Amino acid sequence: MRVNSYTKARTRAAVGLTVAALAAGATAGAGPATAQPKAAPAAPAAADCSAAYRIEQKLSTGTTWRMCWRYDGKAGLVLENISYQPKGEPKQIKVLNSARLGQIHVPYDDGNIEYDDLTGFDFAQGLMNLAPGECPGGTIKTVKVPDSWNEDPNVKGLCTTTRSRGHAYRMQGDTANKVFQAEGKDLLVYTVNQVGWYEYMTEWRFQDDGTITMNVGATGSLSWDDYDAGDGRGWPIGKGASAKATSHSHNAFWRLDFALDGSTKNNVEQYDSTVTAPTRGQRAPTTKTTRKKVTKELAGDSKAYRWWRMVSATGKNKDGHARSYEIVPGPTTKYPGRGYTKHDLYVTQYNKCELFASNNPGNCGAGAGKSVDKWVNGQALTHPVVWMNIGFHHIARDEDQQPMPVHWQGFSIAPRDVTAMNPLTPAELGRQNGHWRPRS
C-alpha cells in the first residue's frame, strides 16, 4: 500500500531523515561513493547550457566528461549533450543527446494494484534534500521542482562527485620486473526520489574509460500497511508467520537518445554467436559470430551469446574503425505480465512524444498507444532511440527492515572502438597497438 499524494506531500515536507550514503550493489558499477581529491579545472565546456546547469569534470586519470542537466516534472533528472574527452583525443566525443529514466513499473503479485511511478505516482515531486555527507567530496546542486507541492520548490537534491572503482587494469611486463596498474575513477551523478514508502536512488556513473553505467537503487522502508499477503504470495516478516509482506516487481526502464560524434543517424547492429561441438580433427568446440544490421524498429531479448551495439555513421577512431557503443544488460528478472515488459530492449524511431515506456501521457496520434511495445511497428530507423528494461522481483525478507538495504538494478553502455587504444594506456605502452613486436 502507498500513501496518497496529499499525505505523501505533507510527509515529504516534514521528514528530516536523510538517506544513507550509497551502498555496494549487485549490478555493474554499483558501489559506495567515496571522497576523492578535487580535480584540476578542465577547459570550458561548449556553451550548450548555462553554468548552473552544466556538469563538467576532469578525472584524475585524464578523462573529461561534460553534459547538461535539467529536471523534468515527471521523469526527474534528465542529462543532455553528454560527451567525453579521453586523454590524447583532440576534442570532445559526443555520445548521447539525452539520457533519462523511462518508467518504473511496480505490479504487485496479488494482482490488486500496479503503479507507474514516473507518470502515475509523482516520482519527480518526491525529490529529496541531500545532506553533505551523502555527497562526499562533491557538490550538491539546488533543483527547482516544476509544479512543486511545497511552498519552496527548491531542493538541494542533485549530487555530483567522484569515486574510485578499483583496478582499471593490471599487467605484468614481459621481463617480470614491472607491473602496470591503475585505479579507475568515475564521475557520479545522482538524485533520491521518495515514492510512497520507497526511496529511489537514480545514479549515473561516467567512467574514465568511457563506460556509462545507469542504476536505480530502491531503499527506504517496507510499508507497514502492507502485511496482508495471506494468499501465499508474500513472505513472513517479524515474529511468526501471521504478517506477510506482499511480493512485487520493480521494472525499471531507461530511455537513451544516442548522438555518436554529434549525429543522430546511428546504425544498430545485433550480434549472435553459435557454438558447435568439435568434429573429427578439432580439439575444441567452434564458435561463429554473425552480424545483423537492424534497420527497422526492434523488440529484442537478451540471450546467451547475443549483444547489440550503436554505431556512429560519421566518426572513426585513429585506427579507421567506426566508433560505437555496446549495450551491456545487467542482471534482470523479466516480468511477463504486460506487453511492454516482455522484452529486454526496444529500439524505436525517434518521436518527441514517446517519452515513457508505459502510461505515456502524451497524445502521440490516433492508434499510437501508450507504451513502448506499441511503438515498434516497422518504421525505418534513421534516428534510433534505445529503451532498456531491467526487472527485479522483490520478495521481502526480515533483513529488509529497518531501513531497507538498497537493492540495485541497471545496465551499462561500453565504448567499442571509440578510441584506438585503452584511453588509460600508460605512455610506455603507447606503441603496442595492433600486431606489435617486442623490440630486439
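Coordinates for the structure precede this section.
Residues numbered from 1 in each chain as written. Predicted model: local features only at pLDDT ≥ 70, side-chain atom pairs only at ≥ 80, totals over all residues. Heavy atoms only, no water.

Caption draft 1: Expanded view of the overall build of the protein chain. Counting secondary structure elements, the protein chain contains two helices and 21 strands. Split into buried and exposed, the 440 residues of the protein chain put 50% on the buried side. Partitioning the intrachain contacts of the protein chain with sequence separation of at least 6 by distance along the chain shows that 64% fall at a separation of at least 24. Approximately 20600 Å² of the protein chain is accessible, and the part contributed by carbon and sulfur atoms is 50%. (Helix = DSSP H or I, 4+ residues; strand = E, 2+ residues; numbered from the N terminus. Buried < 20%, exposed > 50% of the residue type's maximum accessible area, 1.4 Å probe, protein only. Contact = heavy atoms within 4.5 Å. Areas by Shrake-Rupley, 256 points an atom, 1.4 Å probe, with all protein chains shown as cover.)

Caption draft 2: View of the nonpolar core. In this structure, W65, L79, F206 and I413 are the most contacted members of the largest nonpolar core, which totals 68 residues. In terms of residue count, strand 4 (residues 93–107) provides more of this core than any other element does, seven residues in total. (Core = buried A, V, L, I, M, F, W, Y, C linked by side-chain atoms within 4.5 Å.)

Caption draft 3: Region of the structure containing the state of the cysteines. Per the counting criterion, the structure on display carries three disulfides. For C135, the disulfide goes to C159, at an S-S distance of 2.1 Å. Given an S-S torsion of about 85°, the disulfide between C135 and C159 has right-handed geometry. Of this pair, C135 sits in the loop between helix 2 (117–120) and strand 6 (139–144) while C159 sits in strand 7 (residues 154–172), and the two are 24 residues apart along the sequence. On the basis of relative accessible area, C159 is assigned to the buried category, the value being 0%. Across the disulfide, C353 is cross-linked to C364 (sulfur-sulfur distance 2.1 Å). Measuring handedness by torsion sign, the sulfur bridge of C353 and C364 sits at about -95° and is left-handed. Separated by eleven residues along the polypeptide, C353 in the loop between strand 19 (345–349) and strand 20 (384–394) and C364 in the loop between strand 19 and strand 20 bring together distant segments of the chain. (Disulfide = S-S within 2.5 Å.)

Caption draft 4: Spotlight on the pattern of salt bridges. Per the stated rule, a full pass over the model turns up 19 salt bridges. Note that E80 and R70 form a salt bridge whose closest N and O atoms lie 2.9 Å from each other. Taken together, the residues span a long stretch of sequence, with E80 in strand 3 (residues 76–85) and R70 in strand 2 (residues 64–72) at a distance of ten residues. Take R70: its relative accessible area is 33%, and that puts it in the partly exposed class. The network of salt bridges with shared partners includes R163, R165, D186, D208 and D209. (Salt bridge = Lys/Arg side-chain N within 4 Å of Asp/Glu carboxyl O.)

Caption draft 5: Quick peek at the sheet that holds strand 15 (residues 286–294). Judged by pairing direction, the sheet is antiparallel, and its ten strands sit side by side in the order 6-7-8-9-10-21-18-17-14-15 without closing on themselves. Strands at the two margins of the open sheet, each flanked by one partner only, are strand 6 and strand 15. The sheet shows a mean angle of 25° between the axes of neighbouring strands, taken without regard to direction. As paired elements, strand 17 (residues 306–316) and strand 18 (residues 322–329) share five bridges and run antiparallel to each other. Within strand 18, the residue paired with V311 across the bridge is S324. (Pairing = 2+ DSSP bridges. Axes fitted to C-alpha atoms, helices over the stretch in contact; angles between N-to-C directions.)

Caption draft 6: Inspection of the environment of A75 at higher detail. Tracing the backbone through its elements, the reader meets A75 in the loop between strand 2 and strand 3. What makes A75 buried here is its relative accessible area of 2%. Separated by 27 residues in the primary sequence, A75 and G102 have C-alpha atoms spaced 7.0 Å apart. Contact partners of A75, with chain neighbours within four places excluded, come to R100, L101, L118, F123 and F356.

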